[in-house]
Each structure stands twice: as C-alpha cells, then as structure tokens.
There are 2 protein chains.
Amino acid sequence: MAEEEALRKQADTVRRLKQEKASPEEITKQVSKLLEMKSAMHPEEGKHKFVLKTPKGTRDYNPKQMAIREKVFNVITQCFKRHGAETIDTPVFELKETLTGKYGEDSKLIYDLKDQGGELLSLRYDLTVPFARYLAMNKITNIKRYQIAKVYRRDNPAMTKGRYREFYQCDFDIAGHYDIMIPDAECLKIVHEILCALQIGDFLIKVNDRRILDGMFAVCGVPDTKFRTICSTVDKLDKMAWEDVKNEMIGEKGLAPEIADHIGEYVRLHGGLSLIEQLLQDPKLSQNKLAREGLEEVKQLFKYLDLFGISDQISFDLSLARGLDYYTGVIYEAILLQEPNDHVEESVGIGSVAGGGRYDGLVGMFDPKNRKVPCVGVSIGIERVFSIMEQKMEASEEKIRTTETQVLVASAQKKLLEERLKLVSELWDSGIKAEILYKKNPKLLNQLQYCEETGIPLVAILGEQELKDGVVKLRDVVTREEVDIFRGKLVEEIKRRTRIL
Amino acid sequence: MAEEEALRKQADTVRRLKQEKASPEEITKQVSKLLEMKSAMHPEEGKHKFVLKTPKGTRDYNPKQMAIREKVFNVITQCFKRHGAETIDTPVFELKETLTGKYGEDSKLIYDLKDQGGELLSLRYDLTVPFARYLAMNKITNIKRYQIAKVYRRDNPAMTKGRYREFYQCDFDIAGHYDIMIPDAECLKIVHEILCALQIGDFLIKVNDRRILDGMFAVCGVPDTKFRTICSTVDKLDKMAWEDVKNEMIGEKGLAPEIADHIGEYVRLHGGLSLIEQLLQDPKLSQNKLAREGLEEVKQLFKYLDLFGISDQISFDLSLARGLDYYTGVIYEAILLQEPNDHVEESVGIGSVAGGGRYDGLVGMFDPKNRKVPCVGVSIGIERVFSIMEQKMEASEEKIRTTETQVLVASAQKKLLEERLKLVSELWDSGIKAEILYKKNPKLLNQLQYCEETGIPLVAILGEQELKDGVVKLRDVVTREEVDIFRGKLVEEIKRRTRIL
C-alpha cells in the first residue's frame with residue numbers, strides 16, 4: 001500500500017500549500033500531480049475524468065502577468081526600433097523539411113503535427129530558421145528585422161526557472177554582405193541596451209567564435225566528423241561540471257582522454273583583449289588558419305565594443321559553444337550574474353537570457369543555387385526575465401492596474417440604466433475610457449467599491465437632480481471630492497483630470 | 001499527354017503573371033501548383049526536391065504588411081481598452097479533450113499534434129474555448145477580457161479573400177451574472193465602433209437568438225435531436241442559395257420537405273423592432289416558450305442599441321444561425337456591404353468580419369460541478385480587413401515607412417568608421433533612433449540614397465573639419481539644407497526636428 005501512502009502524502013502537500021496560500025501555479029502543479037496519482041491507482045474510475053490544465057510546459061498569462069509582459073515587450077521593441085529594424089511575421093508552423101537538418105542534436109525536441117493528409121508540418125523551434133526561409137523564398141539579400149513570437153520545444157520544462165515548452169523569443173537580425181564585425185558589434189550593443197533597460201541586475205555577455213572552437217578541436221586532435229557533437233557537449237559546461245562534460249566526451253562521444261584533457265585546458269580560459277592577443281601567440285592555435293581568422297576578427301569586434309563603451313561587461317570565453325548547428329562565426333550568450341532578490345528562497349535561475357551569433361550558411365541551404373546571405377542576430381529569451389520581474393513586482397507590493405478605464409458612469413438612484421447607457425455611450429464616442437456596471441439598479445456603494453478595486457480614478461454620477469440641472473456629479477475616487485460639471489463640459493474635464501495617466 | 005498539356009498551360013500562367021508583375025502571393029501560389037504538377041508527373045525526380053514555401057493556407061507578413069497589421073491592431077486594442085477590458089493569453093495548443101465536443105460539425109477542422117509521447121494536443125480552433133477553460137481552471141466568475149491571437153483551422157483556404165488556415169482573432173468577452181442584454185448590447189457597440197474606426201466601408205450587423213432558432217425548429221416540426229445539425233445547414237445561407245440549403249436539409253439531414261419549406265418561410269424574414277413585435281404575435285412561434293423568451297430579450301436588446309444610437313446598422317435576421325455548438329442566446333455577425341474599391345477586379349470578398357454571441361453553458365462544461373458562468377463575446381476576424389486595407393494602400397500609392405529611424409550617421413570622407421560608431425552609440429544612448437551603414441568606407445551618395453529609400457528624414461554627417469570644430473553637419477533629406485550643430489546640442493536638435501513624426 002505504498003501507493004496509498006504516497007497519495008495521502010501528496011494530498012497533505014496540497015492541503016498545506018492551500019493553507020499557506022502558496023502561488024496558484026504551485027498549487028495547480030501539485031493538484032495535477034495528485035489527480036494523476038489518483039487516476040493511476042484507479043484507472044477505470046479516472047478514465048473519463050477530465051483534467052483541467054494547460055499542456056505540460058505551458059502557461060496562461062493572467063491580466064497582471066500580461067501587464068508585466070507588455071512592459072518588457074515595450075522596452076525590447078523600442079530598442080529594436082531605435083536601431084532601425086523593420087518587423088516581419090511568419091506562421092507558427094513550417095513544412096517539416098524546412099526545419100530538418102538545422103538544429104543538430106536538438107532536433108528531437110521539435111513538435112510535429114499529426115499527419116491529417118496534406119503537408120507534413122512542425123511547430124517552429126526558433127525564429128532564425130523561418131527568417132532564413134523567408135529571405136530565401138523572397139530573394140531578399142539585405143534586411144534588418146525584428147520578430148517577437150512564440151517558439152516550441154519538447155524540452156524538460158522547469159517552470160519556476162522560466163523554462164517552458166512554449167516561450168517567446170525576441171529576435172533581431174541583420175542580413176547582408178557587410179564589413180567584418182560591424183553588424184555583429186551592433187547586436188551585442190542591443191543586448192547590452194536591453195539588459196540595462198530591463199533593470200534585472202548585473203549581467204555578463206560571453207563571446208566566442210565557431211571558427212576558434214573548430215580550430216581548437218582540430219589542434220586538440222578531435223576528428224573532423226566529431227566537431228559538431230563535441231561542440232554540443234562543450235555547450236553543457238554552463239550546467240555541468242567539467243568532469244561530467246569530460247566523461248560524456250570520452251564515454252558517449254568516444255574521444256581519447258588526452259584529447260579531452262587538451263580541450264579542458266582551453267575551455268577554462270576567459271578574458272578580454274589580452275587573452276585574444278595571447279591566443280594569437282599560442283604556438284598550436286595560431287597555426288590553425290580558421291582559429292587565427294576567428295581570433296583576428298574577435299579582436300576587431302572588441303575594439304568596436306570599446307567604442308560603444310560596453311566591453312567591461314563582455315567576456316571572451318572559450319567554453320561558450322552554443323548547441324545549434326547553423327552558427328559559422330561569432331557566438332554570444334548573456335547571463336545574469338546574481339539573484340535579483342535575496343529574500344526569494346527558490347532561485348529563479350541564474351542563467352542565459354539572450355544568445356545569438358553569425359550564421360552565414362543558413363539562407364543558402366534554402367536556395368536552389370546555394371546563394372549565401374550572411375546573417376548575424378540575437379535572440380532575447382524573456383521568460384526568465386518575466387519570472388524575475390513577476391517576483392520583483394510581488395515583493396514590492398506595487399499595485400498594477402490591468403485596465404486603463406478613466407471613469408465609471410454610475411447612478412445614485414434606481415431606474416437610471418437608460419441614462420447611464422446614454423452617457424457612457426457619449427463618452428465612448430468621445431474617446432473616453434469608460435465603464436458601467438451591468439446591473440439595472442446597482443447600489444452606489446458597489447459602484448464606488450468597483451472603482452477602488454480596479455483603480456478607476458473618476459466616477460460620473462447621475463441622479464434625478466443632476467439630470468434636471470443638465471449636469472453630472474464628477475467624483476474623485478481617492479479624495480472623494482465631488483463637483484457638478486455641465487454635461488457639455490464633461491469630456492473635457494475628464495481628459496484634463498486624467499491626462500497624466 | 002493531357003498532363004503535359006496542363007503542365008505547359010500552368011507554366012504559361014506563371015510566365016504571364018511574372019510579366020504582369022502580379023502579386024508575389026499569386027505568383028507563389030501558381031509556382032507551387034506548377035511544382036506540384038511536375039512532381040506528380042515525375043515522382044522519382046521530384047522526390048528530394050525541396051519546395052520553398054509556407055504551409056498551405058498560411059502566409060508571411062512582410063514589413064509593409066506588418067505596418068498595416070499594427071495599425072489595425074491599434075484601432076481594435078484601443079476600442080477594447082476604452083471599454084475597460086483586461087487582456088490574457090493562453091497557449092497555442094490545448095489538451096485535445098479540452099476542444100472535444102465544442103465545435104459540432106467543424107471539429108474535423110481541428111489541427112492535432114503528433115503523438116510524440118505524453119499528452120495529446122490540438123492547436124486552438126478559436127479563443128473562446130481556451131477562455132472558458134481559463135475561467136473554469138482559475139474559478140473566475142466575472143471578468144471582461146480581450147485577447148488577440150492566432151487560431152488554426154484545416155479549412156479550404158481562399159487567400160485572396162482573406163481566408164487562411166492560420167489567422168488572427170481579436171476577441172472581447174464579458175463573463176459574469178449580469179442583467180439581461182446589457183453586456184450583449186456593449187459587445188455590439190464594440191463591433192460598431194471598430195468597424196467605423198477601420199473605415200472599410202458600409203457594414204451591417206445581423207442579430208438572431210439561438211432560442212428563437214430552436215423555437216422556430218420546434219414549431220416547424222424538426223425533431224429535437226436534429227436541432228444542431230439543421231442549425232449548421234441554415235448557417236450556410238450566407239454562401240448558398242435557399243434551394244441548395246433546402247436540398248441539404250432533405251437529402252443529407254433527412255428532413256421532410258414540408259418542414260424544410262416551413263423553415264424557409266421564417267428564415268427569409270429580417271427587419272427591426274417591428275419584425276420582433278410581429279413575431280411575438282405569430283400564432284405558432286409565440287406559443288413556444290423558448291422562442292418567446294428569446295424574442296422578448298432581443299426586443300430589450302434593440303432598445304439598448306437605440307440608446308447607443310447604432311440600431312440603424314443592425315438587422316434582426318432569422319437566417320443567421322452560426323455554426324458553433326456552444327451558443328445559447330443572442331448571436332450576431334457583421335458583414336461588409338460593398339466593395340471598398342471598385343477598380344479592383346477580383347473581389348476581396350464581401351463577407352463576415354466579426355461574429356459572436358452568448359454562451360452560458362461553456363464554462364460549466366469544464367467545471368467538475370457544472371457551475372455555470374454566463375458569457376457573451378465577440379470575435380473580430382481581421383484577415384479580411386487586412387486584405388482590404390492592403391489593396392487600399394496599394395491603390396493609393398501612399399508610401400508606408402517600415403522603420404522609425406530619425407537620423408543616419410554618415411561620413412563624408414574615408415576612415416571615419418570609428419567616429420561614426422562613437423556618434424551613433426551616443427545617439428542610441430540618448431534614445432534617438434539612429435542607423436549607420438555597415439561599411440568601413442561608404443560613399444556619401446550611397447548614404448544619402450539609403451535615407452531617401454527608407455524615409456529617414458535627417459543625416460548627421462561627420463568629416464575631418466566637423467570633428468576639428470566639434471560640430472556635426474545636420475542635413476534635412478527632403479530640403480537638402482545643411483546646418484552645423486554643436487555636438488552637445490545634436491540630440492536636442494534631432495528631437496526638436498522629428499517631434500511631429
């Protein structure tokens with residue numbers, strides 16, 4: 001009866017969480033677990049029981065969360081527009097073959113649609129591949145565009161850390177044949193601007209280059225055919241200790257231990273311009289053409305970052321690999337450095353909040369004649385940012401309004417519904433944000449309470465006397481002051497009083 | 001060799017369209033058709049050929065189309081906010097069972113995800129069912145919310161008419177126990193406000209009530225079990241002639257001809273308050289409790305619409321049925337009445353641009369105790385609106401800017417890349433929308449041309465002399481006037497000049 005014991009424990013957990021008024025998300029999670037346990041024990045009974053939830057790894061946004069989301073999107077969109085970007089949109093799914101062969105070992109995380117006759121489709125895994133498909137399809141050879149949209153990955157979700165199966169990416173990319181590292185530097189400037197503007201704490205942007213990685217693998221003795229798969233393993237260094245990464249290289253990927261050790265010496269290096277200079281003198285690495293080219297260009301990049309005044313927060317880091325197949329040059333990733341709120345017990349996850357790089361070959365893969373369009377871009381992953389901002393907002397107890405209503409049209413007596421409808425309609429037609437309660441005869445107290453709960457600053461009160469006098473009583477919800485305003489002056493007065501909102 | 005003949009014809013079509021510079025969408029469509037025909041004729045040859053396209057029934061939005069889309073969304077969002085709505089978001093897919101049994105005969109159009117282990121999922125078919133699921137899951141009993149998001153239907157696309165498989169819905173719904181027809185009237189007011197604000201021509205909003213329809217079916221002698229399926233058939237009256245609808249009722253749905261004829265007498269009726277009064281006196285219909293209740297309430301609704309001053313554009317129409325299963329009371333649909341542009345040969349489709357109604361039972365379907373939350377809402381279908389606005393925009397030859405860049409930082413001589421980078425960085429940090437060309441030594445002419453092409457109004461020109469003097473030459477792109485501005489005053493001057501933008 002170990003199952004029943006576990007079930008009882010789980011029921012206790014749920015009860016405790018409810019008593020402690022834990023977060024609805026946490027309660028929902030534990031309740032779903034309880035229901036799953038129950039239906040596993042009594043499969044017949046649970047057979048037609050409907051589980052009320054969103055799919056695994058996804059979430060709804062309630063109005064307060066939407067208000068935070070809008071704020072974050074605004075910061076990001078403003079930055080993208082400041083840098084002169086246009087925007088495009090692509091469908092949420094693509095032909096399956098459009099995504100094939102672009103994501104390396106991560107391909108297994110792609111959501112496929114059911115074959116219901118017709119084309120085979122998959123949900124987009126990122127915005128980069130659809131962007132490249134768009135460029136090739138429309139024969140566009142230069143564009144600077146942003147796109148903010150949801151992408152889908154059948155990954156193991158960790159929702160408290162902001163890791164979801166459905167999540168937003170905010171992408172900015174520059175496509176075109178340009179001079180070395182100029183667009184690349186702008187992408188890093190953008191990451192820097194956005195992370196500063198969001199005020200979510202200190203951050204560091206790690207930079208590396210696929211050519212330097214490949215050169216390093218070559219001089220360490222990794223066979224050509226294993227570059228990409230070893231790259232995927234190196235990419236795990238942010239989540240795993242070096243010993244575990246090394247074991248994967250030897251055990252799973254079949255690398256000789258001395259080769260792994262050799263890689264280990266390089267990947268622990270990180271620094272600035274001086275490290276780049278040092279590696280350019282490295283007797284082995286400097287002999288490799290690819291690595292030398294990468295190092296020279298990254299040196300150039302750091303000079304531009306200096307001009308932008310942002311090189312202090314940028315670290316050249318040989319352990320940065322990035323899992324995706326399509327990168328060909330510089331790669332980067334921004335991480336948050338510390339807890340934004342020490343009082344929060346559970347970590348919201350110090351981790352990557354932005355990443356990107358150069359992918360000069362991707363568009364060519366879609367072109368029948370393999371014409372290349374060099375591209376560089378960055379993707380801001382905002383779910384973690386949301387988690388942090390949500391926690392900050394909750395901690396600060398700042399009251400967030402979720403509507404923008406300026407005035408409630410109310411009545412002091414019964415039987416004035418028609419008058420309320422007429423007035424609110426006048427206000428709407430004059431562009432005023434106005435509401436009424438959907439009751440024939442609401443109590444004045446209830447109408448005033450509604451304003452206090454939802455933060456509506458003004459009430460326009462109608463009564464027999466006001467109607468006779470051709471006025472409306474305008475009440476300030478906070479000060480409770482009331483003034484009679486001539487009906488013809490009401491719109492103007494409401495606009496005047498709510499201008500600062 | 002009929003196939004080869006057809007192939008040749010199709011190739012001719014494509015060639016002609018290209019010569020005539022037809023819309024890229026039309027060309028892409030015909031090219032895909034050509035490729036499909038080819039690969040059907042030579043299945044082996046085409047096997048590994050990659051077709052560069054978006055999935056059937058979907059489209060990309062290019063920057064110009066996005067600019068139009070943003071404009072439309074703005075109008076709609078502003079209206080929803082004017083009426084005091086909050087906003088939420090839900091995942092793009094739901095558990096399959098969440099959608100089961102909600103859409104009647106349209107269920108076959110739902111996109112399912114492939115079973116890759118784990119939950120069975122489907123793409124959302126509308127925003128109403130996810131909204132109801134959200135209410136039940138969070139035990140919310142009253143809310144006024146809007147949601148603008150894409151939905152998915154495996155329907156037969158007609159893209160020139162704005163009928164897609166992936167399309168936006170802009171939903172506004174009021175949930176809660178309120179007095180009769182007050183929220184319902186507000187939904188119609190919203191449709192009216194939005195369609196007026198979009199300026200896409202005359203429109204009519206048809207109104208009916210499921211209770212009147214059901215009462216009508218009852219008095220005509222339709223068996224109870226066939227109400228919903230006959231309702232679906234009546235719903236086709238906007239696309240099919242009465243004779244065809246009648247045949248479907250008799251042939252497919254097994255109705256007796258005299259019952260169908262009887263229905264036919266009712267469904268050709270439409271009008272205003274006087275028709276409602278007349279039907280309340282109808283010897284048969286008035287005997288049916290449901291129909292009488294519906295008629296009384298629709299009468300009340302029309303009184304409120306009169307107070308809102310919008311009843312002229314609203315028609316009580318007994319032929320309006322709406323296909324979805326979940327409606328329980330008033331239903332409505334807005335249609336555009338005439339071509340917005342007579343010069344356009346191909347019709348952009350006069351048709352439904354908004355629809356909705358009352359669904360008092362849907363939330364209860366998700367509640368284990370079947371607790372009901374009455375709801376009424378409206379959905380604006382904006383793809384048709386986009387199509388119309390795109391055509392209008394093209395016809396007017398109005399130039400749409402797709403970026404907001406205020407100034408291009410340019411150089412008059414070579415070797416000034418670093419100075420350009422420093423200046424543009426200063427401008428970004430001051431909140432100015434600025435760009436540079438990504439070349440080490442761009443020609444001044446090319447820099448000026450870029451401004452003209454993209455509509456950038458100002459150029460900040462750096463030269464040896466300007467750097468020595470501590471100034472920047474600010475050029476107005478349209479007037480070609482140039483003035484030297486002290487570096488410290490540049491931001492202010494740019495802001496002053498571009499304030500109206």
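Keep in mind that this is a model prediction, so the values were computed, not measured.

Topic: the relation of the copies chain A and chain B
If you rotate chain A by 180° and push it 0.0 Å along the axis, it lands on chain B with an RMSD of 0.2 Å. This pairing of chains is accounted for by a two-fold axis. Here 100% of the interface residues in chain A have copies in chain B that are interface residues too; the copies meet face to matching face.

Considering the environment of Pro157 of chain A
Mapped onto the secondary structure, Pro157 of chain A falls in the loop between β4 (143-152) and β5 (166-175). Counting along the chain gives 101 residues from Pro157 of chain A to Lys56 of chain A, while the straight-line C-alpha distance between them is 7.8 Å.

Describing the packing of helix α7 (residues 182-198) of chain B against helix α13 (residues 289-307) of chain B
All names here are of chain B. The contact between α7 and α13 brings their axes to 9 Å, and the two run at 50°. Between α7 and α13, the crossing angle belongs to the class labelled oblique. Relative to α13, α7 is oriented so that their crossing is right-handed. Of the residues in α13, those in contact with Ile182, Asp184, Ala185 and Leu188 of α7 are Leu301, Tyr304 and Leu305. Residues of the contact of α7 with α13, tallied by class, amount to six nonpolar, no polar and one charged.

What to know about the interface of chain A and chain B
Taken together, the 90 residues of chain A in the interface contact 91 residues of chain B. Between chain A and chain B the total buried area reaches about 8300 Å² when both faces are included, carbon and sulfur atoms providing 60% of it. When the shortest N-O distance is used, the salt bridge between Asp89 of chain B and Lys150 of chain A registers 2.9 Å. Inspection of the chain A/chain B interface yields 46 residue pairs in polar contact (both at pLDDT 80 or more).

Notes on the environment of Tyr164 of chain A
Residue and element names in this part refer to chain A. Turning to its location among the elements, Tyr164 is positioned in the loop between β4 and β5. As for Tyr164 and Lys71, which are separated by 93 residues in sequence, their C-alpha atoms are 20 Å apart. Look past the residues within four positions of Tyr164 in its chain and what remains in contact with it is Glu25, Gly57, Thr58, Arg59, Met159 and Glu383.

What to know about the domain arrangement of chain A
Looking at chain A, the domain boundaries give domain 1 (1-51), domain 2 (57-200 + 379-401), domain 3 (201-336) and domain 4 (405-496). The C-alpha centroid of domain 2 of chain A is placed 34 Å from the C-alpha centroid of domain 1 of chain A.

Some words on the UniProt feature "binding site: L-histidine" (unreviewed entry) in chain A
Residue and element names in this part refer to chain A. UniProt's entry tags Asp126, Leu127, Thr128, Arg153, Gln169, Asp173, Arg322, Tyr326 and Tyr327 with the feature "binding site: L-histidine" (unreviewed entry), counted in the numbering of this structure. Looking at the secondary structure, you find Asp126 in the loop between β3 (121-123) and α6 (128-137). If we ignore the near neighbours within four places in the chain, the residues touching Asp126 are Tyr103, Val151, Arg153, Gln169, Leu324 and Tyr326. In terms of polar contacts, Asp126 uses its side chain to reach the backbone amide nitrogen of Val129, at 3.2 Å. Here Thr128 lies in helix α6. Setting aside residues no more than four positions away along its own chain, Thr128 makes contact with Asp171, Tyr326, Tyr359 and Leu362.

Considering the side chain of Arg59 of chain B
Tracing the backbone shows Arg59 of chain B in the loop between α3 (43-46) and α4 (63-82). Polar contacts involving the side chain of Arg59 of chain B include one to the side chain of Tyr164 of chain B, which spans 3.4 Å. Sequence-distant contacts of Arg59 of chain B, defined by excluding residues within four places in its chain, comprise Pro91 of chain A together with Thr54, Gln65, Tyr164, Glu383 and Glu390 of chain B.

Focus on the sheet that holds strand β1 (residues 86-87) of chain B
Residues and elements named next belong to chain B. Taken in spatial order, the nine strands of this open sheet run β1-β4-β5-β11-β10-β9-β6-β8-β7, and their pairing is mixed. Looking at which strands have only one partner, the edges of the open sheet turn out to be β1 and β7 (270-271). Where strand β4 (residues 143-152) meets strand β5 (residues 166-175), 10 bridges bridge the pair, whose relative direction is antiparallel. Residue Arg145 lies in a different strand from β5, and its bridge partner there is Asp173. Most of the contacts of helix α6 (residues 128-137) go to β5, to which it runs at about 40°, and overall it touches β4, β5 and β11 (375-381). In the packing of helix α8 (residues 210-220) onto the sheet, contacts are made with β6 (203-209), β8 (314-317) and β9 (330-336), and the angle to β6 comes to roughly 60°.

Quick notes on the pairing of strand β16 (residues 482-486) of chain B
Residues and elements named next belong to chain B. In terms of strand pairing, strand β15 (residues 471-476) meets β16 through five bridges, oriented antiparallel. Each bridged residue has a counterpart across the sheet, and for Arg475 the counterpart in β16 is Glu482. The turn joining β15 and β16, which pair antiparallel and follow one another in sequence, is formed by five residues; a positive phi near 65° is taken by Arg480.

Some thoughts on the nonpolar core
Formed by 128 residues in total, the largest nonpolar core has its most connected members in Leu135, Phe217, Ile263 and Phe316 of chain A. Of the residues forming this core, the biggest block, nine residues, is contributed by helix α7 (residues 182-198) of chain A. The residues touching Ile263 of chain A, leaving out its near neighbours within four places in the chain, are Met216, Phe217, Cys220, Val222, Ile230, Trp242, Met249 and Leu255 of chain A. Judged by nonpolar contacts, the second largest core, of 126 residues, contains Met66, Phe172, Leu279 and Leu362 of chain B.

Observations regarding the sheet that holds strand β14 (residues 458-462) of chain A
Residue and element names in this part refer to chain A. Ordered by their spatial adjacency, five strands build an open sheet running β13-β12-β14-β15-β16, and the pairing between neighbours is mixed. The strands lining the two open edges of the sheet, one partner per strand, are β13 (434-435) and β16 (482-486). On top of the sheet, helix α17 (residues 444-454) reaches β12 (407-411), β13, β14 and β15 (471-476); it is set at about 175° to β12, its chief contact. Strand contacts of helix α19 (residues 490-497): β12, β14, β15 and β16, with the helix running at about 10° to β15, the strand carrying the most contacts.

Regarding the packing of α4 of chain B against α7 of chain B
Residues and elements named next belong to chain B. Across the interface, α4 lies against α7 with an axial gap of 10 Å and an inter-helix angle of 150°. Here the hand of the crossing between α4 and α7 comes out right-handed. Contacts from Val72, Val75, Ile76, Cys79, Phe80 and Arg82 of α4 reach α7 at Ile190, Glu193, Ile194, Ala197 and Leu198. Per-class residue counts for the contact of α4 with α7 are nine nonpolar, no polar and two charged.

As for the pattern of salt bridges
A complete count under the given rule lists 72 salt bridges over all chains for this structure. Ionic contacts of the salt-bridge type, sharing partners, join the residues Arg69, Lys150 and Glu166 of chain A together with Asp89 of chain B into one network.

Digging into helix α11 (residues 257-267) of chain A
The periodicity of an α-helix, 3.6 residues per turn, causes residues three or four places apart in sequence to face the same way. Along α11 of chain A, the positions that sit buried rather than exposed are Ile259, Ala260, His262, Ile263, Gly264, Tyr266 and Val267 of chain A. Those residues of α11 of chain A hidden inside the fold are in contact with α8 (210-220), α9 (227-234), α10 (242-251), α12 (273-280) and β8 (314-317) of chain A.

A word on the environment of Ala256 of chain B
All names here are of chain B. Along the chain, Ala256 turns up in the loop between α10 (242-251) and α11 (257-267). What makes Ala256 partly exposed here is its relative accessible area of 26%. C-alpha separation for the pair Ala256 and Val222, spaced 34 residues apart in sequence, amounts to 8.7 Å.

How each quantity is defined
Residues numbered from 1 in each chain as written. Chains lettered and ligands numbered in written order. Predicted model: local features only at pLDDT ≥ 70, side-chain atom pairs only at ≥ 80, totals over all residues. Heavy atoms only, no water. Least-squares fit on C-alpha atoms with pLDDT ≥ 70 in both. Contact = heavy atoms within 4.5 Å. Helix = DSSP H or I, 4+ residues; strand = E, 2+ residues; numbered from the N terminus. Axes fitted to C-alpha atoms, helices over the stretch in contact; angles between N-to-C directions. Parallel < 35°, antiparallel > 145°, perpendicular 65-115°, else oblique. Left-handed = near helix turned anticlockwise from the far one by under 90°. Nonpolar A, V, L, I, M, F, W, Y, C, P; charged D, E, K, R; others polar. Buried area = accessible area lost by both parts, 1.4 Å probe. Salt bridge = Lys/Arg side-chain N within 4 Å of Asp/Glu carboxyl O. Polar contact = N/O pair within 3.5 Å; in protein donor to acceptor, adjacent residues only side chain to side chain. Domains from an automatic or database assignment. UniProt positions renumbered as here; feature names shortened; annotations may be inferred. Pairing = 2+ DSSP bridges. Core = buried A, V, L, I, M, F, W, Y, C linked by side-chain atoms within 4.5 Å. Buried < 20%, exposed > 50% of the residue type's maximum accessible area, 1.4 Å probe, protein only.

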